[in-house]
Amino acid sequence: MTDSKLIDANVIISSDAPGGDELMFCHSILTQIGLPRSEVKGREFQHSFGAAWLSVQAGFLDEGTGPVSQPVPYGATARLALTCISTLALRYKTREIDIGRSAAEFLHMLGYDLQGHRYRMLRKQIHALAACRLQLGFQGRTFNSLPVQQFEAWHPRTHGATSRWPGLLVLSEPFYAELLEHGVPLDGRALAALKGSALALDIYTWLAYRLHRIQGGPVAIPWAALMGQFAHQPQGLHAKETFRRGFLHGLHKVQMVYPKAKVEPFDGGLALHASPPPVAKLKGGSNE
């Protein structure tokens, strides 16, 4: 997204709190450790940071002629699709998620245009999410789940056949229960503005979870710790500097759409100051 569009998003977000369909949710552990940002070579992705860890294992999906191996879900599309599904579950308090009458409608929910490559990536990532096994751990507690219990494969339009969009997706009971207990509210307008960058989405959700929990003075986080959290596969002699530049570029975008976030880079890392969350504390709930 160009700076002019980020500026437009900044003006809107600064003027009004999110409401209605603009309020979205993400699982709290996924705000600290995100899905892989690029395609995974292999059948499993593992990452840990501090007391939290994540394991995503690729699965199989019946696409009409038997089991088909699916990849590990990755990238911005997978993040937004899982966030949208989680949001619909919490918004309507149900495991049976209406994901729209068509792929175009679901892409619109994610804030994407309707170019052909968007459909292809959405199909790849929603099938990967529907097939994967997810394990989340924090401070001695492990959660194991197939997030999606039921999903009918999406068959795009082919010669002589019409497209078949599933329309309905059923979350597993354990994953739904986790969302009810650990959902972090986010501003959907910010997610839409950051949809072109998986790293920027990760930084935004992390700050949305982290900043309002700070008590007292600022918290200094060195670059080495940030790399441990956000750099899934640092490589090369200049990996630290490459990561730092990329992170600061993503942080600039995030601060445009999370204007209340008080974050200051310094030579050794980042200084985080106590800040209001992007979504004010919900009545009868929490900001996890």
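For every chain, the first residue of the written sequence is number 1, and numbering continues from 1 along that sequence. Per-residue local features of the predicted model are confined to residues with pLDDT of at least 70, and side-chain atom pairs are confined, for both listing and counting, to 80 or more; whole-chain, interface and lining totals are unaffected and use all residues. For side-chain calculations, the full set of non-hydrogen atoms in the structure is used, while hydrogens and water are omitted.

(A) The arrangement of the sheet that holds strand β3 (residues 52–57) in detail. At least two bridges found by DSSP between two strands are what make those strands a pair. Numbering of helices and strands runs from the N terminus; a helix is a DSSP stretch of H or I covering at least four residues, while a strand is a stretch of E covering at least two. Spatially, four strands are ordered β2-β3-β7-β8 in an open sheet, and the strand pairing comes out antiparallel. The open sheet has two free edges, formed respectively by β2 (44–49) and β8 (141–145), since each of these has just one partner strand. For this sheet, the mean inter-axis angle between neighbouring strands, taken without regard to orientation, is 10°. Examined bridge by bridge, strand β7 (residues 133–138) and β8 share five bridges and lie antiparallel to one another. Across the sheet, the residue bridging to Leu-134 is Ser-145, located in β8. With respect to the sheet, helix α6 (residues 173–182) is in contact with β7 and β8, its orientation differing from that of β8 by roughly 135°. For helices, the axis comes from a line fit to the C-alpha atoms of the stretch in contact; other axes are also lines fit to C-alpha atoms, and the angle between any two N-to-C directions lies between 0 and 180 degrees. In what follows, residue pairs with any heavy atoms lying within 4.5 Å of each other are defined as contacts.

(B) Spatial organisation of the layout of surface pockets. Detection works on a 1 Å grid of protein atoms alone, calling trapped sets that fit a 1.4 Å probe cavities and calling open sets with protein on both sides within 12 Å along at least five of seven lines pockets, with lining residues defined by an atom within 4 Å of a point. Grid points are joined across faces, edges and corners, and a volume is the space filled by probe spheres set on the points. The calculated volume of the second largest pocket comes to roughly 360 Å³. Considering the residues around the second largest pocket, the lining is formed by 19 residues, among which Asp-21, Met-24, Cys-84, Arg-91 and Met-109 are closest to the centre. Broken down by secondary-structure element, the contributors of at least two residues to the lining of the second largest pocket are α3 (75–92), α4 (103–110) and α7 (188–193). The element best represented in the lining of the second largest pocket is α3, accounting for six residues.

(C) Structural detail: the pairing of β2. Sheet topology note: the β2/β3 ladder contains six bridges and is antiparallel. If you follow Ser-48 over to β3, its bridge partner there is Trp-53. Adjacent in sequence and paired antiparallel, β2 and β3 are bridged by two residues, among which Gly-50 carries a positive phi angle near 60°.

(D) Spotlight on the environment of Ala-58. Mapped onto the elements, Ala-58 comes out in the loop between β3 and β4 (60–62). Judged by relative accessible area, which is 15%, Ala-58 ranks as buried. It is 39 Å that separates the C-alpha atoms of Ala-58 and Phe-266, two residues lying 208 residues apart in sequence. In contact with Ala-58, other than residues within four places in its own chain, are Arg-43, Gln-70, Pro-71 and Val-72. Only protein chains enter the accessibility calculation, which uses a 1.4 Å probe. A residue is then buried if its area is under 20% of the maximum for its type, exposed if over 50%, and partly exposed in between.

(E) Broad picture of the packing of α4 against helix α5 (residues 116–131). As a packed pair, α4 and α5 sit with axes 11 Å apart at the nearest point and diverge in direction by 85°. On the basis of their axis angle, the class for α4 and α5 is roughly perpendicular. Two secondary-structure elements touch here, α4 through Ala-103, Ala-104, Phe-106, Leu-107 and Leu-110 and α5 through Arg-118, Tyr-119, Leu-122 and Ile-126. Residue polarity is assigned by list, with Asp, Glu, Lys and Arg as charged and Ala, Val, Leu, Ile, Met, Phe, Trp, Tyr, Cys and Pro as nonpolar; anything else, Gly included, falls into the polar class. Tallied by class, residues from the contact of α4 with α5 come to eight nonpolar, no polar and one charged. Here the angle decides the label: under 35 degrees means roughly parallel, over 145 means roughly antiparallel, 65 to 115 means roughly perpendicular, and every other value means oblique.

(F) Structural view of the state of the cysteines. The definition used for a disulfide is geometric: two cysteine sulfur atoms within 2.5 Å. With the rule as written, the count across this model stands at zero disulfides. Unpaired in terms of disulfides, Cys-84 finds its nearest cysteine sulfur in Cys-26, a separation of 12 Å. Taking the relative accessible area as the measure of exposure, Cys-84 reaches 4% and is therefore buried.

(G) View of the pattern of salt bridges. A carboxyl oxygen of Asp or Glu within 4 Å of a side-chain nitrogen of Lys or Arg is what we treat as a salt bridge. Considering all chains together, one arrives at 12 salt bridges under this definition. One salt bridge in this structure joins Glu-173 and Arg-95, with 3.1 Å as the shortest N-O distance. Within this pair, whereas Glu-173 is found in helix α6, its partner Arg-95 is found in the loop between α3 and β6 (96–98), the two being separated by 78 residues in sequence. Residue Glu-173 is classed as partly exposed on the basis of its relative accessible area, which comes to 44%. The residue Asp-187 makes a salt bridge to Arg-189 at a minimum N-O spacing of 2.8 Å. When salt bridges with common partners are traced through the structure, they connect Glu-22, Asp-187 and Arg-189 into a single cluster.

(H) View of the pairing of strand β10 (residues 168–171). For β6 and β10, the ladder comprises three bridges, and the chain directions are antiparallel. Its bridge partner being in β10, Ile-97 is matched across the sheet by Leu-169.

(I) Spatial organisation of the sheet that holds strand β12 (residues 219–222). Strand order in this open sheet of three strands is β12-β14-β13, and the pairing throughout is antiparallel. Each edge of the open sheet carries a strand with a single partner, namely β12 and β13 (263–266). With direction set aside, neighbouring strand axes in the sheet form an average angle of 25°. One ladder, built from four bridges, connects β12 with strand β14 (residues 269–272); its direction is antiparallel. Looking across to β14, one finds that Val-219 is bridged to Leu-272.

Function-wise, these values are silent; they only describe arrangement.
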